[in-house]
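Descriptive analysis of the structure
Each chain, written out:
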Amino acid sequence: MSQPITASSRQNTPRSDQAAPSRRVGKREKSAAPPRVWTLPFERVRHDQRTNLTVGVLLMLLAVGLLVAFVSYLFTGPADQSLIGTDEAVKEAGKDVQNWVGLLGAHVAHVFLFRWFGIGALGIPLIVFLAGFKLTSGREPLPLARTTQVALFLAVWVSLVLGYVVMATNSVSVGSVWCGGIGYEVNRLLYGLLGFGSIVLIGFLGFAFAVFYFDIPNLVLFSRFTQPADDTENSDPDAPNSPLKSNRRSQYGHENDPYDEPAVAPTAMVEPYTEPANAPVDALPDPLPDRNGSTLPLTVTEPLANPTPSANGRGDLVMTIAEGLELTDTEPISAVTPPFEPDMFAETDLVAQHGLYDPTLDLPYYQIPTVDLLTNYPENQKAQVSADELEANKDRIVDTLGKFNIGIQRIHATIGPTVTLYEIVPADGVRISKIKSLEDDIALNLAALGIRIIAPMPGKGTIGIEVPNKNREMVSMRSMIASEKFQKASMDLPVVLGKTIANEVLVVDLAKMPHLLMAGATGQGKSVGLNVLLTSLLYKKHPAQLKFVLVDPKKVELTLFNKIERHFLAKLPDAEEAIITDTKKVVNTLNSLCIEMDNRYNLLKDAEVRNIKEYNTKFVNRRLNPSNGHAYLPYIVLIIDELADLMMTAGKEVEQPIARLAQLARAIGIHLVVATQRPSVNVITGLIKANFPARLSFKVTSKIDSRTILDAGGAEQLVGMGDMLLSSNSDIIRLQCPFVDTNEIEDICAFVGAQRGYAEAYPLPEFYGDDAGNSSMDEKDVDLANRDAMFDEAARLIVTHQQGSTSLIQRRLKLGYNRAGRLIDQLEKAGIVGPFEGSKARDVLVHDLAHLEEMLKNLN
């Protein structure tokens, strides 16, 4: 009798390449062939993963569609009921239906909500979605079976409760959509039997479902009152014979009681290993053998007082291999020691010992200003645009365009803080240029201050018409600073600019702009915009991370920030005030920033990084040596309040350093914010304008000024008082600038200035022009008897390079420009270099070092 062939017997059968006869092998393989199993087509389809994925996605989409249709029916149901169940054609009824899912959605929602369950049917899409999610991913976010039970019960029970409310309030016409037909009809039957007492039966049904669904054996609340007061043994819920404990055991079982701690540890758990106090030496583990068979000695560290269990539940014995092991001659050193950089271990040790470098520890107790320093304006000052005003403006726009034979398909309005945007979709065949030419006609019919037409809207197939609101909203600085978007901004230099037409807070990163050019006529909010920018940075940055260079030719706009000189301001070493108002000092400051830029680029070159962010990250990780001149580099923001005045008085001396900084200073953290009243071409030259990709324009006086600052029109149509246009990345955004008052700036600066700061403002490199201290210097004022200690070395440097330049002495000898200028004067008095000749370098009168050495001997 033949035995069935099992898996083990098949493994022992000889293969065709073994010594068994081929005939017998053939018979065995024939007898071992498994019987063919026939499966139904339905079974093959059910186990096909592709089918499950397709059906699952279909169910999830169906669930979303049902939910949208149900929610829409709550608002549009009464209007759509006249189209449901009529003999009207589907095509005609579909045009009039208001449900968001169309006629089919209206039919389905009518059945589930109106005829059956009311709003209790909102749980049915959840069941469909969970079923589709399970087919798609094989997982259940919620148990499908239990969720189905709860959803179906709540659909009926909520319908009954709402049906009782509808019966009690006699609001059948209104509440039938909310309670459904089941709730209404059942309550009408119960009302005839029990009257208003039917709510007790409905409540009992909910209680019974909760008892059986959550498996509640008794009410713990009642058992507390029935427990004897003097029974101290059972009063503890964790006592062995406590009624609470017995109830939990009856509910969860003895093994599953979440509050039950067994007296004896389960056998599957391993107790933590603890070494005896006087462990014998023989109890130590055997020494570890090495690859050659010899043993390595082990040393045991001091026993731990409380051994910490490891991942496997045991306290591991801490052992270290004895030091002093020598490598064999057969094993090269390179196989054991990888080729690390020499100072890598030192850097790692520094981080391990001292942690990451924190620049804010220079002022560890510095506190960022609080929001309470800003004025809290009442909420009722928001833009008030009534529905009648919107409809009237829409009708006027449609009538105006209709007079010029321009049809409109639809029109949509968006209310902003300053203006309301009306987006229109013109009829087919209408030219955009024809609508643009009607800007003044539309403004006349609307009686508006000035409208702005955006044709077409970027990224949309519409044409925008911006109409100023009669009652504007004042955007407060406090609401901007306290907004979640600004508080959670993780930018390098976050600046809040204001609210958009969609009432969204716009926060930009000045470090990515990377420079900002501002323009606006007098009294349109330009100075307030600068204060907003400064306030934003003060609320986000530490003094060690940011410095300001403030240029104020008007001498009154930025004087409030004098109080934060020792915290946030930077200036020349010999400057009396940190806020620069003198034109000559502005030129020196700009050139000093150019020197700072060159010095920073040298640091980046030595550190082998590309920008200030990578450099500071490397310095924070202690991978740069401060003894080599490296230091943490703060961001520097240069703010010029009035460029036109500087261009009139200094001209090219101002334009060249500004253009150079705008071209190169982005990578090393120097950013420019330049403002001017009139953006004419002789103020904003092509060289400056090309390096300022971000432009911000308040209201200007003419279209020419608008095109100069924005390369597009529209700034002349603004309504003033902080209404502005931001041009960045070829997009123009209309904003309402926040308002920050003078007393708010005073409070913020007083709060910062009252805290502990640095000893002085951040020093910029010294710079003075080649004519500074030289053209007015009389030779008799130079005393060669009191020569500088570096005189001989400077003379050899000048003769060697044959270049009489102050900057050469400054760079090569690493001197400040004051001292280098005095050296040039002494060299001129000694006859080594010639007199000052404007922008040209001085002539070198000594042509060889031998002649120079003779002159130096005579002077000595």
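Residues numbered from 1 in each chain as written. Predicted model: local features only at pLDDT ≥ 70, side-chain atom pairs only at ≥ 80, totals over all residues. Heavy atoms only, no water.

Comments concerning the nonpolar core
The biggest cluster of nonpolar side chains holds 110 residues, and the ones touching the most others in it are F548 and F561. Here this core takes 9 residues from helix α21 (residues 583-607), the largest share from any one element. Within the second largest apolar cluster, 24 residues are counted, among which are L784, I798, I824 and I832. (Core = buried A, V, L, I, M, F, W, Y, C linked by side-chain atoms within 4.5 Å. Buried < 20%, exposed > 50% of the residue type's maximum accessible area, 1.4 Å probe, protein only. Helix = DSSP H or I, 4+ residues; strand = E, 2+ residues; numbered from the N terminus.)

A short note on the layout of surface pockets
By volume, the second largest pocket amounts to about 920 Å³. Lining of the second largest pocket is provided by 31 residues; of these, R452, I454, P458, E466 and I732 occupy positions nearest its centre. Among the elements that make up the lining of the second largest pocket, the one with the highest residue count is strand β18 (residues 731-736) (4 residues). Along the lines of polarity and charge, the residues of the lining of the second largest pocket split into 13 nonpolar, 5 polar and 13 charged. (1 Å grid on protein atoms, 1.4 Å probe; cavity = no way out; pocket = protein on both sides within 12 Å on 5 of 7 lines; lining within 4 Å. Points joined across faces, edges and corners; volume = space filled by probe spheres on them. Nonpolar A, V, L, I, M, F, W, Y, C, P; charged D, E, K, R; others polar.)

Digging into the side chain of E466
Within the element layout of this structure, E466 appears in strand β8 (residues 463-468). Judged by relative accessible area, E466 falls into the buried class, the value being 2%. Within polar-contact distance, the side chain of E466 engages the side chain of R734 at 2.5 Å. With residues near it in sequence (within four places) discarded, E466 still touches V419, T420, L421, G450, I451, R452, I454, I501 and R734. (Polar contact = N/O pair within 3.5 Å; in protein donor to acceptor, adjacent residues only side chain to side chain. Contact = heavy atoms within 4.5 Å.)

What to know about a nonpolar patch on the surface
Side chains of L189, L193, L194, L201, F204, L205 and F207 sit close together on the surface and give an oily, nonpolar patch of about 720 Å² of accessible area. Among the elements that make up the nonpolar patch, the one with the highest residue count is helix α10 (residues 198-213) (4 residues). Assignment of secondary structure puts F204 in helix α10. (Patch = residues over 30% accessible without salt bridge, like charges linked within 9 Å, V, L, I, M, F, W, Y side chains within 5 Å. Areas by Shrake-Rupley, 256 points an atom, 1.4 Å probe, with all protein chains shown as cover. Salt bridge = Lys/Arg side-chain N within 4 Å of Asp/Glu carboxyl O.)

Considering the side chain of N393
Looking at the element boundaries, N393 is found in helix α14 (residues 387-403). Its relative accessible area of 8% is what places N393 among the buried residues. Apart from the residues within four sequence positions on either side, N393 is in contact with Y422 and L446.

A look at the sheet that holds strand β6 (residues 419-426)
Here 4 strands make up an open sheet; going across it, the order is β5-β6-β8-β7 and the pairing antiparallel. Each having just a single partner strand, β5 (408-415) and β7 (452-454) make up the two edges of the open sheet. Going across the sheet, the axis of each strand differs from the next one's by a mean of 20 degrees, ignoring polarity. Pairing of β6 with β8 involves 6 bridges; the strand directions are antiparallel. Directly across from I424, in β8, lies its bridge partner I463. (Pairing = 2+ DSSP bridges. Axes fitted to C-alpha atoms, helices over the stretch in contact; angles between N-to-C directions.)

Quick look at the environment of L144
On the secondary structure map, L144 appears in helix α8 (residues 144-169). Sequence separation of L144 and L130 is 14 residues, and the distance between their C-alpha atoms is 6.4 Å. Those residues within four positions of L144 in sequence are excluded, and the remaining contacts are I127, L130, A131 and K134.

With respect to the environment of H412
By the secondary structure assignment, H412 is in strand β5. A C-alpha to C-alpha distance of 8.9 Å links H412 and V425, two positions 13 residues apart in sequence. When sequence neighbours within four positions are dropped, the list of residues in contact with H412 reads L421, Y422 and E423.

Overview of the packing of helix α4 (residues 49-80) against helix α6 (residues 102-117)
Viewed as axis vectors pointing N to C, α4 and α6 meet at an angle of 85 degrees, and their least axial separation amounts to 8 Å. As the angle between them shows, α4 and α6 are arranged roughly perpendicular. Facing α4, whose interface residues are L66, A69, F70, Y73, L74 and D80, α6 presents G105, A106, V108, A109, H110, F112, L113 and F114. Counted by class, the contact of α4 with α6 contains 11 nonpolar, 2 polar and 1 charged residues. (Parallel < 35°, antiparallel > 145°, perpendicular 65-115°, else oblique.)

Some thoughts on the confidence of the model for the protein chain
Detail in the predicted coordinates should be disregarded across regions flagged by low pLDDT. Averaged over every residue, the pLDDT of the protein chain is 77; the share at 70 or more is 74%. No element of the protein chain has a lower mean pLDDT than strand β4 (residues 319-321), which averages 35, and none a higher one than strand β14 (residues 635-640), which averages 96. Across residues 221-346 the pLDDT falls below 50, and counting only partners more than four positions away or on other chains, this stretch makes 87 contacts in the model. (pLDDT = per-residue confidence, 0-100.)

Brief notes about the packing of helix α28 (residues 791-801) against helix α30 (residues 817-829)
Look at α28 against α30: their axes get within 10 Å of each other, and the N-to-C directions meet at 75 degrees. Of the possible angle classes, the one that applies to α28 and α30 is roughly perpendicular. Residues F791, A794, A795 and I798 of α28 lie in contact with α30, whose contacting residues are L823, Q826 and L827. By residue class, the composition of the contact of α28 with α30 is 6 nonpolar, 1 polar and no charged.

Considerations on the packing of aromatic side chains
For any two aromatic rings, the description comes down to two numbers: the centre-to-centre distance and the angle of the planes. If you walk through the whole model with that rule in mind, you get 12 aromatic pairs. Considering the side-chain rings of F153 and W157, the 6.5 Å spacing of their centres and the 15 degrees angle between planes classify their relative orientation as stacked. Of this pair, F153 and W157 both sit in helix α8, 4 residues apart, roughly one helical turn. Ring geometry for Y357 and F619: centres 5.1 Å apart, planes at 85 degrees, overall edge-to-face. (Phe/Tyr/Trp six-rings, centres within 6.5 Å; stacked < 30°, edge-to-face > 60°.)

A look at helix α22 (residues 612-620)
For an α-helix the count is 3.6 residues per turn, leaving residues at separations of three or four pointing the same way. Residues of α22 that are buried: I612, Y615, N616, K618, F619 and V620. Packing partners of the buried residues in α22 comprise α21 and β14. Between the side-chain oxygen at the start of α22 and the backbone nitrogen of K613 there is a gap of 3.2 Å, and the oxygen is on N611. Phi for R622, located one or two positions after α22, is positive at around 60 degrees.

Considering empty space enclosed by the protein
Tallied over the entire structure, the rule returns 2 cavities of 30 Å³ or more. Considering only enclosed or pocket space, the largest cavity measures out at about 60 Å³ in volume. Along the walls of the largest cavity sit V495, V496, L497, L516, M518, G529, V532, L533, L696, F698, M724 and C737, which together make up its complete lining. Taken together, the residues that form the lining of the largest cavity break down as 11 nonpolar, 1 polar and no charged. Reported here for the second largest cavity is a volume of approximately 40 Å³. Lining the second largest cavity are G416, P417, T418, V419, K499, T500, I501, D723, R734, L735 and Q736. If one sorts the elements of the lining of the second largest cavity by residue count, β18 sits on top with 3 residues. Split by residue class, the lining of the second largest cavity holds 4 nonpolar, 4 polar and 3 charged.

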